[in-house]
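# Residue-level structural notes
Spelled out, the chains give:
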Amino acid sequence: MTETRVAAGRLTSGTAAVRHEVRARHEFRGLRTVEHYFTVPLDHFDASGSSETITVFAREYVSAAHSAEEAARLPWLLFLQGGPGGRGNRFGSLGGWSKAAGKDFRILMLDQRGTGLSTPLDRNTLPLRGSAAEQAAYLEHFRADSIVADAELIRAALGSPPWSIYGQSYGGFCALTYLSFAPEGLREALITGGLAPLAGPADNVYRATFKRVAARNAEYFTWYPEDRATVDRIADHLRSAQELLPDGGALTVERFQMVGAFLGGNTRVDSLHYLLEDAFTEAAGGPRLTDSFLEQVQGIVSRRSNPLYALMHESIYGQGEATDWSAWRVLREFPEFRPDADPLLLTGEMVYPWYFDQDPALRPLREVAGLLAAKPDWKPLYDAGRLAANTVPVAAAVYSDDIYVERDLSLETAAAVRGLQVWETPDFHHDGIADDGEGIFNRLLGMVRGVRN
């Protein structure tokens, strides 16, 4: 274990002692991994320097095509994954974008604070903080500003000069925060499907995305017209019969609508058809939903494995004002998405207050979620002036029909970041890097380095 005392820049006060421990190294399937544990302050904004600490885990991936000596000289690429609340990707081998990156970089994959092997945050650990108000205060330290501050301390502890970052989806939001408050730590930034609006209110996001999701529903049902009847049949069935998911929670019509998460993908959208095709079976009492269908739906509608997503999702749009269950309020402007609508439309990744009633894993966190939704003074996550004067090379892929990060809002943000180069394409949806990660990564890296692809 080593201890490094580093100045943490504009995101933190004073200096912070970062303990760094390497616990395991492995080699398999053409790559080498190193497991890093860092002890960082919970509160990077505590001027007294007396804040409690948490652990942040990161796994290093290096192509075995490089010798150990060569690998030690490779520059770092920090990958910032989607979320909030998603742990870092676990690679069994290098492929797609990571194969492309592995040619020239050591890849560092964070388990962002509260996820994976970092200090955990879930329905079991959060109540240990005390009252609902104390839990909500703790969660204030799990936004992009704290993630970026962690990254800067980790970079210094690893002895890295300014490094490259690659932000997918919410990771792109974090990249914009990095460019706002610690650009001195960056060599270059690549962003895919993740140009966040720089100002509120959150309502603007949901008004735009509800329209995109409605259009995507219409597109999907032209590809699979038989699924229109299946979706309505499932909805009618759930209105008259109780179906329980494997965790014991009821599958309601509004929870079933959440399978619209598939609509946000190139590689996943057709999987919605495969989910629906064997939804029903004949039982003694009449038609029932199959165990296979219910098992798959459980994985889509439950937040048991990533409660931070439900708790913190709207806070990523909080910029000095309460979000106040924005998606739920804006939904009233789009009655075609109501659970009693005919025909029924499927929804996207919006979070609603009833999640905390209907999802057994979230019920203990309902009061905390309400406090976060009502919080009136979220700190700004972006510095518009700093972004307007940006000198870090940045390239971003904007997907024309993205139902999660809306195209028009993305282009507004792109125009506000000096020197940011945009590659807009209709060929991919939000999960584009799962479709052609190697091509997308190489194109963006070429853009920031002035290389034509």
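Looking at an unreviewed UniProt entry, one finds the protein chain named Proline iminopeptidase and attributed to Pseudarthrobacter siccitolerans.

Attention now moves to the overall build of the protein chain. The helix and strand tally for the protein chain stands at 17 helices and twelve strands. Its C-alpha atoms give the protein chain a radius of gyration of 22 Å, near enough to 22 Å, the size a compact globule of 453 residues would have. Seen through its C-alpha atoms, the protein chain measures out along the principal axes to roughly 65 × 50 × 45 Å. Counting over 453 residues, the protein chain shows a buried share of 59%. Carbon and sulfur atoms form 49% of the exposed surface of the protein chain, whose accessible area is close to 17700 Å². Of the side-chain charges in the protein chain, 45 are positive and 59 negative, and the distance between the mean point of each set is 5 Å.

So, about the packing of helix α6 (residues 202-223) against helix α9 (residues 269-277). Viewed as axis vectors pointing N to C, α6 and α9 meet at an angle of 60°, and their least axial separation amounts to 11 Å. Viewed along their axes, α6 and α9 adopt a mutual orientation that is oblique. When you trace α6 past α9, the crossing you get is right-handed. Contacts between α6 and α9 pair R216, Y220 and W223 from the former with V269, L272, H273 and L276 from the latter. Class assignment for the residues of the contact of α6 with α9 results in five nonpolar, one polar and one charged.

With that settled, consider the environment of D342. With respect to the helices and strands, the residue D342 is situated in the loop between α12 (326-331) and α13 (355-358). Taking the C-alpha atoms as reference, D342 lies 38 Å from W378; in sequence the two are 36 residues apart.

In terms of domains, the protein chain is made up of domain 1 (19-199 + 382-451) and domain 2 (202-374). On a C-alpha basis, the centroid separation for the pair domain 1 and domain 2 is 27 Å. Each partner contributes to the interface: domain 1 provides 39 residues, whereas domain 2 provides 37 residues. Summed over both partners, the interface of domain 1 with domain 2 buries about 3100 Å², with 63% contributed by carbon and sulfur atoms. For the domain 1 face of the interface with domain 2, the top three residues by lost area are R123, I403 and Y404, together amounting to 25%. The interface formed by domain 1 and domain 2 holds two salt bridges in total. On the surface where domain 1 and domain 2 come into contact, there are ten residue pairs in polar contact (both at pLDDT 80 or more).

Attention now moves to the UniProt feature "domain: AB hydrolase-1" (unreviewed entry) in the protein chain. Here, UniProt's "domain: AB hydrolase-1" (unreviewed entry) annotation points to residues 75-216. Annotated as residues 75-216, this span is 39% helix and 17% strand, and its ends, taken at the C-alpha atoms, are 40 Å apart.

This part covers the nonpolar core. By size, the foremost hydrophobic cluster in this structure holds 119 residues, and its most contacted members are W163, F256, F293, L311 and F356. Tallying contributions element by element places α6 first for this core, with eight residues. Lining this core are residues from two domains, each supplying at least three of them: domain 1 (19-199 + 382-451) and domain 2 (202-374). Look past the residues within four positions of L311 in its chain and what remains in contact with it is L126, L139, F356, L365, V368, A369 and L372. Listed in part, the 26 residues of the second largest apolar core include L31, F91, F105 and F428.

So, about helix α10 (residues 291-301). The set of residues buried in α10 consists of F293, L294, V297, Q298, I300 and V301. The arc enclosing the buried residues of α10, seen along the axis, measures out at 165°, which places them on a common side. Facing away from the buried surface of α10 by more than 90 degrees, the exposed residues are D291 and G299. Lining the buried residues of α10 we find α7 (226-240), α8 (253-256), α9 and β10 (286-289).

With that out of the way, let us pick up the packing of aromatic side chains. One pair of aromatic rings is described through two measures. These are the centre distance and the angle between the planes. Applying the stated criterion across every chain, the model contains 25 aromatic pairs. Plain terms: the ring middles of W97 and F441 are 6.5 Å apart, the flat faces sit at 35° to each other, and that makes the pair tilted. Taken together, the residues W97 in helix α2 (residues 97-102) and F441 in helix α17 (residues 432-448) connect sequence positions 344 residues apart. F441 sits in the buried class, given a relative accessible area of 1%. Each ring, one from Y220 and one from F221, has its centre 5.3 Å from the other, and the planes form 80°; the classification is edge-to-face. By relative accessible area, which is 1% here, Y220 ends up buried. Every member of this aromatic cluster is reached through a ring pair, and the members are Y61, F79, F91, W97, F105, Y166 and F441. Across from the ring centre of F142, 5.6 Å away, lies the NZ or CZ of R113, which sits over that ring.

The rules behind these values
Residues numbered from 1 in each chain as written. Predicted model: local features only at pLDDT ≥ 70, side-chain atom pairs only at ≥ 80, totals over all residues. Heavy atoms only, no water. Helix = DSSP H or I, 4+ residues; strand = E, 2+ residues; numbered from the N terminus. Rg over C-alpha atoms; globule rule 2.2 N^0.38 Å. Buried < 20%, exposed > 50% of the residue type's maximum accessible area, 1.4 Å probe, protein only. Areas by Shrake-Rupley, 256 points an atom, 1.4 Å probe, with all protein chains shown as cover. Lys, Arg positive; Asp, Glu negative; His and termini not counted. Charge placed at Lys NZ, Arg CZ, Asp CG, Glu CD. Axes fitted to C-alpha atoms, helices over the stretch in contact; angles between N-to-C directions. Parallel < 35°, antiparallel > 145°, perpendicular 65-115°, else oblique. Left-handed = near helix turned anticlockwise from the far one by under 90°. Contact = heavy atoms within 4.5 Å. Nonpolar A, V, L, I, M, F, W, Y, C, P; charged D, E, K, R; others polar. Domains from an automatic or database assignment. Buried area = accessible area lost by both parts, 1.4 Å probe. Salt bridge = Lys/Arg side-chain N within 4 Å of Asp/Glu carboxyl O. Polar contact = N/O pair within 3.5 Å; in protein donor to acceptor, adjacent residues only side chain to side chain. UniProt positions renumbered as here; feature names shortened; annotations may be inferred. Core = buried A, V, L, I, M, F, W, Y, C linked by side-chain atoms within 4.5 Å. Arc of directions from axis to C-beta. Phe/Tyr/Trp six-rings, centres within 6.5 Å; stacked < 30°, edge-to-face > 60°. Lys NZ or Arg CZ within 6 Å of the ring centre and 35° of its normal.

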